[in-house]
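So you can see what is in the structure, the chains are spelled out below.
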Amino acid sequence: MQLVDRRQRPAAPASADPEPQLLALVERHRSGDPAALNALMTALYPSIYRIVYRIAGPRDRDQHEDLVQASLEQVCRSIDAFEVRSRVSTFVFGICHRVVARSRRYDRVRTWFRRDAEEATLPQGSAAPDDLIDRGRAVASARAALDRLDGEERAAFVLHEVEDLPLEDVAAVLRCSTRTVKRRLRAARGKLLSAGPEVRS
């Protein structure tokens, strides 16, 4: 049997930074291209959907879609005020954060953390039943730990630890200092670490 030299295997392609494409669409919109705004919203939709879900936490599908739609509408209204000094994604994430925060003020905190049975959280296919049970318990434990965080801690944790935004960008999104971001991250990590070994694994 002939062995393949690993050095000859093509490297996995690095994920492309979407920022140049987003910035180009913003410039096309500002120059009067009537199709640019719709193209920009289409390009932004996956990241807006993801960040709203992660900041807001599990809700029923209609409520989540409402927040996503509100974020998209706010981006449409605000895009002309975007300044190139920051990344488009930072600007958009800031809008998502404010939309979710505004919604939180008019909703009871308990309703943000309902235990919805989302099919996407569990692996599908040929996984063994025991593996599915263990994975389900781990997901439930992680969610329970995340639910211990208040809104600002959760937003800081999601943006920095999950979305990999630098501290400066997180501070721009949350409209606070990097020192405040660090304080919220310390608090979030402390609460998550105290939740037990299932969350840390």
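Residues numbered from 1 in each chain as written. Predicted model: local features only at pLDDT ≥ 70, side-chain atom pairs only at ≥ 80, totals over all residues. Heavy atoms only, no water.

Our next topic: the pattern of salt bridges. Across all of its chains, the model carries 9 salt bridges by this definition. Here Arg 87 and Asp 17 are joined by a salt bridge, their closest N and O atoms 3.1 Å apart. Taken together, the residues Arg 87 in the loop between α3 (61–78) and α4 (88–105) and Asp 17 in the segment before α1 (19–30) connect sequence positions 70 residues apart. Assessed through its relative accessible area of 32%, Arg 87 is described here as partly exposed. In this structure, the salt-bridge partner of Arg 184 is Glu 152, at a minimum N-O distance of 3.2 Å. Highlighted residues: Arg 184 in helix α8 (residues 178–193) and Glu 152 in helix α6 (residues 151–162), separated in sequence by 32 residues. Note on Glu 152: relative accessible area 29%, which makes it partly exposed. (Salt bridge = Lys/Arg side-chain N within 4 Å of Asp/Glu carboxyl O. Helix = DSSP H or I, 4+ residues; strand = E, 2+ residues; numbered from the N terminus. Buried < 20%, exposed > 50% of the residue type's maximum accessible area, 1.4 Å probe, protein only.)

Since one α-helical turn is 3.6 residues long, residues separated by three or four positions face the same way. Across its 21 residues, helix α2 (residues 36–56) extends 29 Å between first and last C-alpha, which sits within 8% of the 30 Å expected from 1.5 Å per residue. By the largest-angle criterion, Leu 44 marks the main kink of α2, which is about 45°, and a proline, Pro 46, follows within four residues. A positive phi of about 85° marks Gly 57, the residue just after α2. (Expected span 1.5 Å × (residues − 1). Bend = angle between axes of the 7 residues up to and from the residue.)

What follows covers the environment of His 64. For His 64, the location among the structural elements is in helix α3. Residue class for His 64 comes out buried when judged on its relative accessible area of 5%. Sequence spacing of His 64 and Val 100 is 36 residues, and the spatial spacing of their C-alpha atoms is 9.9 Å. If we ignore the near neighbours within four places in the chain, the residues touching His 64 are Tyr 49, Val 52 and Tyr 53. There is a polar contact of 3.5 Å between the side chain of His 64 and the side chain of Tyr 49. Side-chain polar atoms of His 64 contact the backbone nitrogen of Tyr 53, separated by 3.4 Å. (Contact = heavy atoms within 4.5 Å. Polar contact = N/O pair within 3.5 Å; in protein donor to acceptor, adjacent residues only side chain to side chain.)

Predicted coordinates in areas of low pLDDT are best not read in detail. For the protein chain, per-residue confidence averages 77 on the pLDDT scale, and residues scoring 70 or more make up 68% of the total. Across the protein chain, the secondary-structure element scoring lowest on mean pLDDT is helix α9 (residues 197–200), at 44, and the one scoring highest is α1, at 95. The low-confidence segment residues 108–122, where pLDDT is below 50, has 33 contacts with residues more than four positions distant or belonging to other chains. Under a pLDDT of 50 for its full length, residues 197–201 has, in the predicted model, 6 contacts with residues more than four places off or in other chains. (pLDDT = per-residue confidence, 0-100.)

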